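A look at the structure
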Amino acid sequence: MKRKKVVIALGGNALGKDVEEQKEAVAKTAKVIVDLSQQDLDIIITHGNGPQVGMIQDAMDNLVVMHENYKQIPLPTCVAMSQGYIGIDLQNAIKYELHRRGIEGKVSTILSQVEVDENDPAFQNPSKPIGRFMTKEEAEVNEKNGVKCMEDAGRGYRIVVASPMPKRIRELETIKTLVGAGHIVITCGGGGIPVADRNGKLEGVNAVIDKDNASSLLAQQLDADYLIILTAVEKVAINFGKENQEWLSDLTVEQARQYIAEEQFAKGSMLPKVEASIRFAESKEGRHSLITLLDKAADGIAGKTGTVIHL
């Protein structure tokens with residue numbers, strides 16, 4: 001019987017917020033990944049990088065402030081650093097878990113570039129906060145220099161960049177080859193390193209690609225059977241936090257779109273996950289998206305929990 005192919009998009013709670021937390025978190029995450037890999041599933045893992053890329057960007061910014069000989073490090077370079085930093089911890093945790101169980105397994109991390117369209121409207125309206133918090137005065141100086149800033153949840157001001165839609169995963173054929181050779185593959189970290197194709201030369205662009213959008217595109221292009229988006233709740237809900245809150249187990253694409261029209265899903269959290277899930281589920285008959293908790297992923301595939309979105 002043909003092995004099913006599953007793209008798993010890890011949320012921040014699967015990675016931790018700093019070096020120590022990450023080591024602990026990926027050890028727990030690895031157990032779930034290996035459990036799934038033993039169910040005749042080909043596993044491809046994507047992940048966020050919010051705290052990690054922020055930490056790297058802060059360090060690079062402070063380096064420039066402290067040492068005038070250093071120049072500003074571009075955001076795509078920081079994304080690449082975060083892919084390597086997260087990838088090696090996750091890769092080693094999965095390898096150790098396989099070893100602990102006496103299983104021969106192959107795990108690979110691919111530093112991946114994701115192409116975007118420089119004419120994407122998102123570049124005209126940057127909205128993704130990154131980097132350290134600044135005072136209002138610092139933000140005003142940045143604004144005068146053409147660097148967009150915004151106030152972030154009462155905690156201070158931050159630089160904001162565009163979040164364009166992913167168009168092409170440039171390392172796709174490498175990923176396919178490794179999956180075909182039986183590897184658990186870690187890729188598209190942080191939504192991928194954002195690049196533009198300029199006359200055949202890939203160059204980084206100052207943007208952040210949504211991890212769930214990149215995961216949905218990857219799942220489509222790998223002809224996956226499942227896209228699993230892991231988050232902080234077991235199921236998606238409507239009327240969230242209200243007396244009439246209702247957890248959803250099964251959604252058609254049409255129903256999901258209706259709930260979006262009713263503004264049932266929060267823009268900064270659940271909405272992009274549902275939208276990415278819809279794009280994968282509607283791309284081909286038989287494809288299913290699953291939104292659930294990390295430790296409920298296996299039960300979700302078995303139809304026991306989580307929110308499944310399908311045609």
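None of these values were measured; they are calculated from a predicted model. (Residues numbered from 1 in each chain as written. Predicted model: local features only at pLDDT ≥ 70, side-chain atom pairs only at ≥ 80, totals over all residues. Heavy atoms only, no water.)

What follows covers the sheet that holds strand S1 (residues 4-10). Strand order in the open sheet formed by eight strands is S3-S9-S2-S1-S12-S16-S17-S15, with mixed pairing between adjacent strands. For this open sheet the edge positions go to strand S3 (106-109) and strand S15 (250-252), each flanked by a neighbour on one side alone. Strand after strand, the sheet turns through a mean of 20 degrees between neighbouring axes, direction not considered. Two elements, strand S16 (residues 288-292) and strand S17 (residues 307-310), share three bridges in a ladder whose sense is antiparallel. Bridged to isoleucine 291 within S17 is threonine 307. Strand contacts of helix H5 (residues 172-180): S1, strand S2 (41-47), S3 and strand S9 (183-186), with the helix running at about 150 degrees to S9, the strand carrying the most contacts. In the packing of helix H6 (residues 211-221) onto the sheet, the strands contacted are S1, S2 and strand S12 (226-230), and the crossing angle to S1 comes to about 170 degrees. (Pairing = 2+ DSSP bridges. Helix = DSSP H or I, 4+ residues; strand = E, 2+ residues; numbered from the N terminus. Axes fitted to C-alpha atoms, helices over the stretch in contact; angles between N-to-C directions. Contact = heavy atoms within 4.5 Å.)

Following the sequence through the fold, threonine 292 ends up in strand S16. Counting along the chain gives 209 residues from threonine 292 to glutamine 83, while the straight-line C-alpha distance between them is 24 Å. Excluding residues that lie within four positions of it along the chain, threonine 292 makes contacts with Ile229, Leu230, Thr231, Val233, Glu234, Ala297, Thr305 and Gly306. There is a polar contact of 2.9 Å between the side chain of threonine 292 and the backbone oxygen of glutamate 234. (Polar contact = N/O pair within 3.5 Å; in protein donor to acceptor, adjacent residues only side chain to side chain.)

Under the counting rule described, the total for this entry stands at 20 salt bridges. Between arginine 198 and glutamate 203 there is a salt bridge, with its nearest N and O atoms 2.6 Å apart. On the accessibility criterion, arginine 198 (31% relative accessible area) is partly exposed. Aspartate 212 is paired through a salt bridge with lysine 211; the nearest N and O atoms lie 3.0 Å apart. For the pair formed by aspartate 212 and lysine 211, the shared burial category is buried. (Salt bridge = Lys/Arg side-chain N within 4 Å of Asp/Glu carboxyl O. Buried < 20%, exposed > 50% of the residue type's maximum accessible area, 1.4 Å probe, protein only.)

Turning our eyes to something else, we now look at helix H8 (residues 270-281). Between the first and last C-alpha of H8 there are 16 Å, a value that for 12 residues agrees with the 16 Å anticipated at 1.5 Å per step. Of all 12 residues in H8, 10 are buried, a share of seventy percent or more. What H8 keeps buried is the set Met270, Leu271, Pro272, Lys273, Val274, Ala276, Ser277, Ile278, Phe280 and Ala281. Buried positions along H8 lie against H6, S12, strand S13 (236-238), helix H7 (253-261), S16 and S17. (Expected span 1.5 Å × (residues − 1).)

Further remarks concern the packing of helix H1 (residues 19-37) against helix H3 (residues 75-100). Contact geometry of H1 with H3 gives a least axis separation of 8 Å together with a crossing angle of 45 degrees. By the angle between their directions, the pair H1 and H3 is classed as oblique. Remark: the crossing between H1 and H3 carries right-handed chirality. Mapping the contact onto sequence places Val19, Gln22, Lys23, Val26, Ala27, Thr29, Ala30, Lys31, Ile33 and Val34 in H1 and Tyr85, Ile86, Asp89, Leu90, Ala93, Ile94, Glu97, Leu98 and Arg100 in H3. For the contact of H1 with H3, the residue count by class is 12 nonpolar, two polar and five charged. (Parallel < 35°, antiparallel > 145°, perpendicular 65-115°, else oblique. Left-handed = near helix turned anticlockwise from the far one by under 90°. Nonpolar A, V, L, I, M, F, W, Y, C, P; charged D, E, K, R; others polar.)

The next thing to look at is the packing of H7 against H8. Remark: H7 packs on H8, axes separated minimally by 10 Å, with the N-to-C direction vectors making an angle of 150 degrees. The angle between H7 and H8 places the two elements in the roughly antiparallel class. As for the relative orientation of H7 and H8, their crossing is left-handed in sense. Contacts between H7 and H8 involve Val253, Ala256, Arg257 and Ile260 from the former and Leu271, Val274, Glu275, Ile278 and Ala281 from the latter.

With that out of the way, let us pick up H7. When H7 is considered as a whole, its buried residues turn out to be Val253, Ala256 and Tyr259. Along the axis of H7, the buried positions cluster into a sector of 125 degrees, meaning they face one direction only. With respect to the buried face of H7, the exposed residues turned more than 90 degrees away are Glu254 and Ala261. Check the buried side of H7 and you find it contacts S13, strand S14 (246-248), S15, H8 and S17. Of the residues trailing H7, glutamate 263 is marked for its positive phi of about 60 degrees. (Arc of directions from axis to C-beta.)

Let us look at the state of the cysteines. A covalent bond between the sulfur atoms of two cysteines is what we call a disulfide. Scanning the entire structure with this criterion turns up zero disulfides. Note on cysteine 188: no disulfide assigned, nearest cysteine sulfur contributed by cysteine 78 at a separation of 19 Å. Overall, cysteine 188 belongs to the buried group, its relative accessible area being 0%. (Disulfide = S-S within 2.5 Å.)

An order of S8-S4-S10-S11 is seen for the four strands of this open sheet, with the pairing classed as mixed. In this open sheet, the two edge strands, each paired with only one partner strand, are strand S8 (166-169) and strand S11 (201-204). Each strand axis lies, on average, 45 degrees off the axis of its neighbour in the sheet, ignoring direction. Across four bridges, the pairing between strand S10 (residues 193-198) and S11 is antiparallel. Each bridged residue has a counterpart across the sheet, and for aspartate 197 the counterpart in S11 is leucine 202.

By themselves, these observations are geometric and do not establish any function.
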